[in-house]
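Descriptive analysis of the structure
Here's the letter readout for the chains.
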Amino acid sequence: MIDEEFQYDVKVINAFKSYGETKVLNGLNMNVTEGSIYGLLGPSGCGKSTLLQCIMGSMELDSGCIALKAINLKDVGYMPQSLCLESTLTIRELFEYYGTLYNMNKKDIEIKKEELIAFLQLPNLNSLIKDISGGQSRRVSLGVCLLHNPKLIILDEPTVGIDPLLRQEIWNGFLKMVVEQHKTIIITTHYIEEANLANRIGLMRNGVLVEEGAPEHIISKYGADSLESAFLTLCSNQDVNEAPIVYFDKLPTEVQKTDKMQSTKLMEAGKKVDFVRIKALLKKNIRALYRDYWLLFTLCLLPIIQNTIFCSSIGGSFKRMEVAIQNDEININDCKYFNSSKCIFENNSSQTMSCVTINYLASLDYKLVEVKDRYTGEMLVNNSKFLAFIHFPKSYTQDMIMFIDRRKEYGMQSLAYMYFAKHNMLFKNQIVMDVTNAIHYLMQTTLYSCSNNPQIATLPMEFNILYGKDVKNHGNSTAAIFIAMGAYYFSSIYSISIMLSEKMDGILGRSMFAGVTILELLISIFCMTNVLIVGHSFISIFIVYVLYPNPIILSSGMFMYVILLIIMSWIGFLFGLLTAGLTPTKYFGVHIMNGWALSQMLLSGGVWPIDGQAKLLRSVSELLPMRLAGKTMNDIVLKGWTLYHPSVIIGTTATFAHVVLLLLVLIGLSKVKKDMWVIHK
Ligand SMILES: Nc1ncnc2c1ncn2[C@@H]1O[C@H](COP(=O)(O)OP(=O)(O)OP(=O)(O)O)[C@@H](O)[C@H]1O
């Protein structure tokens with residue numbers, strides 16, 4: 001505790017602070033008496049803001065001591081140099097938010113608000129912060145600092161960008177507060193002339209206060225006519241004589257008794273989780289969200305668009321594939337009139353069996369174009385105009401007869417011929433499969449029309465499907481992975497957007513001066529994430545399984561399906577927090593988010609089954625949360641596995657293990673990296 005006799009509101013003794021190699025405070029001493037205005041002056045970059053942040057306790061001294069009379073955050077009002085306010089809130093909402101954080105009731109907030117409107121000439125309270133001018137927003141920032149009527153007011157350049165007349169009025173207001181309410185104000189400013197109104201000023205240079213005292217005393221001491229020329233004289237003397245740095249070998253006893261971390265403890269005073277503050281944070285974040293149209297678009301509309309795009313574009317068989325045909329047997333347009341009911345073995349049949357194959361391909365939506373010769377067909381494939389070229393020789397039907405009948409030798413040169421492009425394996429595979437099926441169909445048709453058993457042309461093998469009878473394409477088997485990816489991705493986007501904005505814009509740092517803890521902010525974002533993910537999952541499941549015919553077997557496993565979606569959203573949420581804590585810029589964080597989500601999608605079998613991966617890579621992929629959740633969800637909907645199926649339990653537990661792992665990493669990192677989510681500006 002501070003000594004009974006302690007007459008200062010703030011006392012800084014022998015303070016040292018460096019940022020790496022840059023020494024900012026170099027044994028600084030400062031005394032701020034109760035009920036006075038203390039003007040802290042100094043050139044840009046000399047360390048004024050750093051000193052104020054050390055006094056507030058948001059930054060720790062390397063050594064030295066800061067003693068404060070204030071015992072909790074409510075006693076102090078701090079206005080940082082940067083705005084550090086949520087730009088998508090209105091002035092009224094900001095007052096309501098900070099008032100609630102300071103435990104003020106509605107009536108008190110209302111009264112104080114009216115007072116501040118008159119004092120600071122605030123613009124329309126319904127204006128959004130992002131829509132008001134720089135000077136207006138600084139006045140709002142000052143208003144937020146004074147809202148809870150603090151005893152000690154610390155202001156970092158409060159009058160920047162404010163016109164001289166209003167500046168004068170604001171200073172008059174400060175003087176009135178000191179006289180009538182016995183407040184203590186520390187103020188930094190670059191307008192040296194306005195510091196004349198302070199009771200005491202400190203001139204800071206080279207990390208120390210080179211002079212401290214009443215303005216008139218400093219002016220007369222240096223024989224100057226203004227504070228500005230006194231300051232210039234002092235600086236030029238100092239350039240010659242070196243900075244008079246005063247080091248304490250030993251701290252004075254009354255200060256040694258005071259706790260070295262006293263101001264840090266001020267920040268730690270309200271570390272208990274408070275539900276009123278969580279409610280205020282939730283309200284603020286909901287307001288910020290519904291005004292952030294782009295984020296809202298990303299979170300609400302994009303799942304609709306992406307799920308619809310996924311269902312309508314992934315896995316379907318390829319349509320309108322262009323195939324060049326040279327048919328020496330018949331003009332392919334005449335195949336429309338082909339009748340396959342006659343047996344080709346009858347002498348007068350005059351059948352053209354190439355039409356069976358051509359009509360079969362046409363029924364599969366191939367775009368068949370007739371070409372005059374083989375050279376043209378192959379050239380068109382080479383030039384990527386067509387995917388394949390098929391040639392039916394003039395004797396195709398006769399050769400078919402010989403092939404089926406086996407009574408006569410048939411020449412290899414008279415077989416149908418196909419030439420295809422292989423630049424896309426999937427196209428090539430589908431064309432080969434469709435043409436093979438077409439020939440198979442041709443054989444069966446021939447046998448049937450000649451009163452033979454068409455079964456002769458089938459493979460001597462029985463194929464049975466155990467699982468996934470309704471799976472018709474690759475999209476059906478990856479739908480669950482896509483939904484798991486969506487839950488992960490959208491939660492991570494939400495948590496990283498909020499956290500990076502709180503961090504980079506200094507919003508959390510400022511809220512922390514009003515008592516908010518990081519845990520409270522995380523709880524509020526977590527609640528929002530869970531609400532959003534319920535909406536997101538509902539939209540995704542509805543589109544993927546109801547609007548589109550992706551197969552789904554309903555069983556008790558669906559309970560785990562939903563649990564897995566929630567776990568995936570938690571993993572995304574935690575990964576977003578981790579990325580926000582480690583990345584230096586907003587853009588970098590978002591790039592990491594997108595990059596990792598895409599990589600996981602590729603590694604987890606969302607695009608191609610992981611069975612195609614190299615052994616080592618596959619063993620890593622098997623452990624990824626998107627793979628674990630996606631596979632288990634797939635097993636539930638496609639195999640009908642229930643809640644009690646061992647694989648479902650193992651898959652869900654293994655996915656949840658990622659939540660525990662990420663939590664441990666986050667807790668560990670936040671212990672090591674103190675400024676992970678907070679930048680005090
Ligand atoms: N987070 C940081 N990391 C590294 N260096 C920093 C950091 N913050 C401040 N500095 C450096 O510390 C010095 C003091 O900065 P500070 O913001 O305290 O100065 P200031 O007197 O408030 O300046 P101004 O009047 O321009 O606001 C500057 O040289 C600045 O570059």
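Residues numbered from 1 in each chain as written. Predicted model: local features only at pLDDT ≥ 70, side-chain atom pairs only at ≥ 80, totals over all residues. Heavy atoms only, no water.

The name an unreviewed UniProt entry gives the protein is ABC transporter domain-containing protein, with Acyrthosiphon pisum as the organism.

**Topic: the site of the ligand**
The environment of the ligand is formed by 13 residues, the closest being S44, K48, S49, T50 and Q81. The separation between an oxygen atom of the ligand and a polar side-chain atom of E157 is 3.3 Å. Bound to the protein, the ligand loses 60% of the 630 Å² it would expose on its own. Ranked by residues supplied to the shell around the ligand, first place goes to helix α1 (residues 48–56) with three residues. (Near = heavy atom within 4 Å. Polar contact = N/O pair within 3.5 Å; in protein donor to acceptor, adjacent residues only side chain to side chain. Areas by Shrake-Rupley, 256 points an atom, 1.4 Å probe, with all protein chains shown as cover. Helix = DSSP H or I, 4+ residues; strand = E, 2+ residues; numbered from the N terminus.)

**Some remarks on the sheet that holds strand β4 (residues 63–68)**
Spatially, β2-β1-β4 is the arrangement adopted by the three strands of the open sheet, whose pairing is antiparallel. The two strands at the open ends of the sheet, each matched to only one other strand, are β2 (22–33) and β4. On average, adjacent strands in this sheet sit at an angle of 15° to one another, irrespective of strand direction. Where strand β1 (residues 8–19) lies against β2, nine bridges are found, and the strand directions are antiparallel. Directly across from K11, in β2, lies its bridge partner N31. (Pairing = 2+ DSSP bridges. Axes fitted to C-alpha atoms, helices over the stretch in contact; angles between N-to-C directions.)

**Quick look at the environment of G213**
Summarising the element assignment, G213 is placed in strand β9 (residues 208–213). G213 sits 15 residues away from A198 along the chain, and the two C-alpha atoms are 10.0 Å apart. When near neighbours in sequence (up to four residues on either side) are disregarded, G213 contacts R200, I201 and I218. (Contact = heavy atoms within 4.5 Å.)

**Some details on the sheet that holds strand β13 (residues 417–420)**
For sheets, the rule is that strands pair by backbone hydrogen bonds, running either parallel or antiparallel. What the four strands build is an open sheet, ordered β11-β10-β12-β13; its pairing is mixed. Edge positions in the sheet fall to β11 (367–370) and β13, since each of these pairs with one other strand and no more. For this sheet, the mean angle separating the axes of adjacent strands, direction not counted, is 20°. By the bridge criterion, four bridges tie strand β12 (residues 388–392) to β13 in an arrangement that is antiparallel.

**Section: helix α22 (residues 625–639)**
In a regular helix each residue adds 1.5 Å, so 15 residues correspond to 21 Å; α22 covers 20 Å between its end C-alpha atoms and thus fits that length. By the criterion of burial, α22 is predominantly enclosed, with 13 of the 15 residues buried. Downstream of α22 by one or two residues, G640 has phi in the positive range, about 75°. (Expected span 1.5 Å × (residues − 1). Buried < 20%, exposed > 50% of the residue type's maximum accessible area, 1.4 Å probe, protein only.)

**Quick look at the packing of helix α14 (residues 396–405) against helix α15 (residues 425–449)**
Helix-helix packing is described using two parameters, namely the angle between the two axes and the distance between the axes. For the pair α14 and α15, interaxial distance at closest approach is 12 Å and the crossing angle is 70°. Relative to α15, the element α14 lies roughly perpendicular. Here α14 contributes Y396, M400, F403 and I404 to the contact with α15, which in turn contributes I439, L442, M443 and T446. (Parallel < 35°, antiparallel > 145°, perpendicular 65-115°, else oblique.)

**A word on the packing of helix α2 (residues 91–101) against helix α10 (residues 275–291)**
Relative orientation of the contacting elements α2 and α10 amounts to 160°, with a least axis distance of 8 Å. If you check the angle between α2 and α10, you find them roughly antiparallel. Read as a crossing pair, α2 and α10 show a hand that is left-handed. On the side of α2, the interface is formed by E93, E96, Y97, T100 and L101, while α10 contributes V276, R277, A280, L281, K283, K284, R287 and R291. Of the residues in the contact of α2 with α10, the class split is five nonpolar, one polar and seven charged. (Left-handed = near helix turned anticlockwise from the far one by under 90°. Nonpolar A, V, L, I, M, F, W, Y, C, P; charged D, E, K, R; others polar.)

**Considering a nonpolar patch on the surface**
On the surface, a cluster of nonpolar side chains totalling about 580 Å² of accessible area is made up of W294, F297, L301, I304, I305 and I309. With respect to the helices and strands, the residue I305 is situated in helix α11 (residues 293–313). For I305, a relative accessible area of 35% puts it in the partly exposed group. (Patch = residues over 30% accessible without salt bridge, like charges linked within 9 Å, V, L, I, M, F, W, Y side chains within 5 Å. Salt bridge = Lys/Arg side-chain N within 4 Å of Asp/Glu carboxyl O.)

**Notes on the UniProt feature "transmembrane region" (unreviewed entry) in the protein**
Residues given the UniProt feature "transmembrane region" (unreviewed entry) here are residues 293–311, 479–501, 521–547, 559–578 and 648–669. Between the first and last C-alpha atoms of residues 293–311 the distance is 26 Å; the span itself is 100% helix and 0% strand. From the first C-alpha to the last, residues 479–501 spans 33 Å; its make-up is 100% helix and 0% strand. (UniProt positions renumbered as here; feature names shortened; annotations may be inferred.)

**With respect to the UniProt feature "domain: ABC transporter" (unreviewed entry) in the protein**
As recorded in UniProt, the feature "domain: ABC transporter" (unreviewed entry) lies at residues 10–231. Measuring from the first to the last C-alpha atom of residues 10–231 gives 24 Å, for a span that is 35% helix and 27% strand.

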